[in-house]
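These are the residues of each chain, in order.
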Amino acid sequence: MTLIKSISGIRGTIGGKPGEALTPMDIVSISSAFGVWLKKSGGNKKIIIGRDARISGEMVNQLVVGALLSVGIDVIDLGLATTPSVEMAVTDYNAGGGIIITASHNPKNWNALKLLNRQGEFISDQDGKDLLNMVESQEYTFNEVDDLGTYSKEDYLDKHIEHILNLPLVNVKQIEQAGFSVAVDAVNSVGGIAIPKLLKALGVKTIKEINCTPDGEFAHNPEPLPENINEICSLVKNTQLDLGIIVDPDVDRLALVCENGEPFGEEYTLVSVADYILENSKGSLVANLSSTMALKDIAQKHGVGYFESAVGEVNVVKEMKEQKAAIGGEGNGGIIYPELHYGRDALAGVALFLTHLANSKKSSSELRAQYADYKMVKHKLELEDNIDLDIILDGVRKKYAKYPCNCIDGVKINFPTGWVHLRKSNTEPIIRIYAEAETEHEAQILIVNISNIVKPE
């Protein structure tokens, strides 16, 4: 059983003892404190909430609603809603903030509360620390009966799709004319509602749905990695479809499958969309430190700056604003398109990619072949209680002192033909080690070398 309190919210497994899992007490405590904190920080008393289709979602939702009402917050409940839908609804409804009930790519026994500010963006590092201090000290009071909040329900998906269809770089006519046939795997969460509805609005000719029943019974590991998407890969190849679309439970990550049944590569979702955006827009490109170096190639191709941020959406968004980026995101399939909003949005990614694909007049595999085929290897090590990560990071820096190093988030060492990035996870009690090179063998060697520094054999 696990409970993780971080600046972006609270995440944990369902079932267990207080302090060792995500319990009703934890949910009520942070929801209540968040409502009070928003009002104290000058936000209005309206909060948007929405959830993915996890089995525990309705239970958590009721606790969040009750806690917010008890501190005088007016709640607008979007029900089953994607993460980007909640983010956009915050600004559309002029709310003071938002709470997304989702554990993203984590297994079905996890859930979490993700906290948004009045811009519909994840709260800042300092705001998160202030909120956690309020939770720990319990420096908040509940309202009397005449000052309780109000509750209402809204459905925002149609508005979200309408915003996407109105984007100048989304060409519905081109997509319709292309006559695409597409499969969707939404891992039995809210994407099973959102993605097919979007595809129909875009004029996609044929839509085949698998794992699109939003009951929270994840049909496979919900992280859209190649080893977890064999079913849709086979479907696309065997039924001769043009494309496969995979989203995670809260629909902020997008992975694709080519017509030959081969994964497009989650890292290359952002590469391809960035290529399209920068071909038609002015501005820089921003991604986190763990994203593929193919993005740097794209920036150089279009003559724009490429900038790296610490891992985490809030960090990418901050850097994007500072660099006036036209496009950005995270290499895990997270597309952030400022023209729509500052948040990872798989729906926007689908619409932009399909326009790019239609415009290219190529198959998805031919489009993928346009980009460098770097190989990334991802590894994780359990974080032991007595481990001193600062000493480990310092050891890595010293060992590779002759190479360029970025230390804004763990340690990233840049080699002539690749890189390795070592950092503590924001969402799990693990150390992540990512490496990328021109061959998988080279990337594996980088992983082994760093792993031996962290945990010598």
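Our subject in this report is the structure included herewith. Please read all numbers here as calculations on a predicted model, not as lab measurements. Starting afresh in each chain, residues are numbered from 1 along the sequence in its written order. Local features in this predicted model are restricted to residues whose pLDDT is 70 or higher, and side-chain atom pairs enter the listing and the counts only when it is 80 or higher, whereas totals over whole chains, interfaces and linings include all residues. Computation of side-chain values covers all heavy atoms of the structure but excludes hydrogens and water.

Observations concerning the sheet that holds strand β6 (residues 110-116)
No. 1: In this analysis, strands are considered paired if DSSP registers two or more bridges between them. Secondary structure elements follow DSSP: runs of H or I no shorter than four residues count as helices, runs of E no shorter than two count as strands, and numbering proceeds from the N terminus. Pairing within the open sheet is mixed, and its seven strands lie in the order β1-β2-β6-β5-β3-β4-β7. Two strands lie at the open edges of the sheet, namely β1 (3-6) and β7 (151-153), each paired on one side alone. Across the sheet, the axes of successive neighbouring strands diverge by a mean angle of 15°, strand direction being ignored.
No. 2: Bridge count for β1 against strand β2 (residues 9-13) is four bridges, and the pairing is antiparallel. What sits directly across from Lys5, in β2, is Ile10.
No. 3: In this description, contact between two residues means that some pair of their heavy atoms is separated by no more than 4.5 Å. As a rule, the C-alpha atoms of each element are fitted with a line to give its axis, helices using only the stretch in contact, and angles between N-to-C directions run from 0 to 180 degrees. The strands that helix α1 (residues 24-40) touches are β1, β2, β3 (46-51), β5 (97-101) and β6; relative to β6, the one it contacts most, it runs at about 5°.
No. 4: This element, helix α3 (residues 83-92), spans β3, β4 (74-80), β5 and β6 of the sheet and lies at about 165° to β5.

Let's talk about the layout of surface pockets
No. 1: Lining residues are those with an atom within 4 Å of a point, where the points come from a 1 Å grid over the protein atoms alone and group into cavities, where a 1.4 Å probe fits but cannot get out, or pockets, open sets with protein on both sides within 12 Å along at least five of seven lines. Grid points are joined across faces, edges and corners, and a volume is the space filled by probe spheres set on the points. A volume near 930 Å³ is recorded for the second largest pocket.
No. 2: Leu225, Pro226, Glu227, Met376 and Lys378 are the residues nearest the centre of the second largest pocket, which is lined by 34 residues in total.
No. 3: Of all the secondary structure elements, the ones that give two or more residues to the lining of the second largest pocket are α9 (266-280), α13 (364-368), β16 (375-382) and β20 (430-437).
No. 4: A per-element tally of the lining of the second largest pocket places β16 first, with six residues.

Section: the nonpolar core
No. 1: In this structure, Ile245 and Ile327 are the most contacted members of the largest nonpolar core, which totals 77 residues.
No. 2: Joining through side-chain atoms within 4.5 Å is the link that ties buried Ala, Val, Leu, Ile, Met, Phe, Trp, Tyr and Cys residues into a set, and such a set is a nonpolar core. For every residue, the accessible area (1.4 Å probe, protein chains only) is compared with the maximum for its type, and the residue is labelled buried under 20%, exposed over 50%, or partly exposed between those bounds. In this structure, Ile10, Val64, Leu113 and Leu131 belong to the second largest nonpolar core, which totals 27 residues.

Section: helix α11 (residues 313-323)
No. 1: If you check which residues of α11 are buried, you get Glu313, Val316, Val317, Glu319 and Met320. The buried side chains of α11 occupy one side of the element, clustering within an arc of 165° when seen end-on.
No. 2: Count one or two residues on from α11 and you reach Lys324, which has phi positive near 50°. The arc in question is the one traced by the directions running from the helix axis out to the C-beta atoms.

Focus on the sheet that holds strand β9 (residues 206-210)
No. 1: With mixed pairing, four strands are arranged side by side in an open sheet as β9-β8-β10-β11. One side of each edge strand has no neighbouring strand; the edge strands of this open sheet are β9 and β11 (254-257). Strand-to-strand twist of the sheet, defined as the mean angle between neighbouring strand axes without regard to direction, takes the value 20°.

Brief notes about the packing of α1 against helix α4 (residues 125-137)
No. 1: Where α1 meets α4, the axes come as close as 9 Å, and the angle between the chain directions of the two elements is 120°. Judged on the interaxial angle alone, α4 and α1 are oblique. Judged by the sense of rotation from one axis to the other, the crossing of α1 with α4 is right-handed. Only Asp127, Asp130, Leu131, Met134 and Val135 of α4 make contact with α1, whose side of the interface consists of Ser29, Ile30, Ala33, Phe34, Val36, Trp37 and Lys40.
No. 2: Across the contact of α1 with α4, the residue classes tally to eight nonpolar, one polar and three charged. Note on angle classes: values under 35 degrees are labelled roughly parallel, values over 145 roughly antiparallel, values of 65 to 115 roughly perpendicular, and the remainder oblique. Throughout, a crossing is termed right-handed when the near helix is turned clockwise from the far one, and left-handed when it is turned anticlockwise from it by less than a right angle. Lys, Arg, Asp and Glu make up the charged group, whereas Ala, Val, Leu, Ile, Met, Phe, Trp, Tyr, Cys and Pro make up the nonpolar group; the residues left over, Gly among them, are polar.

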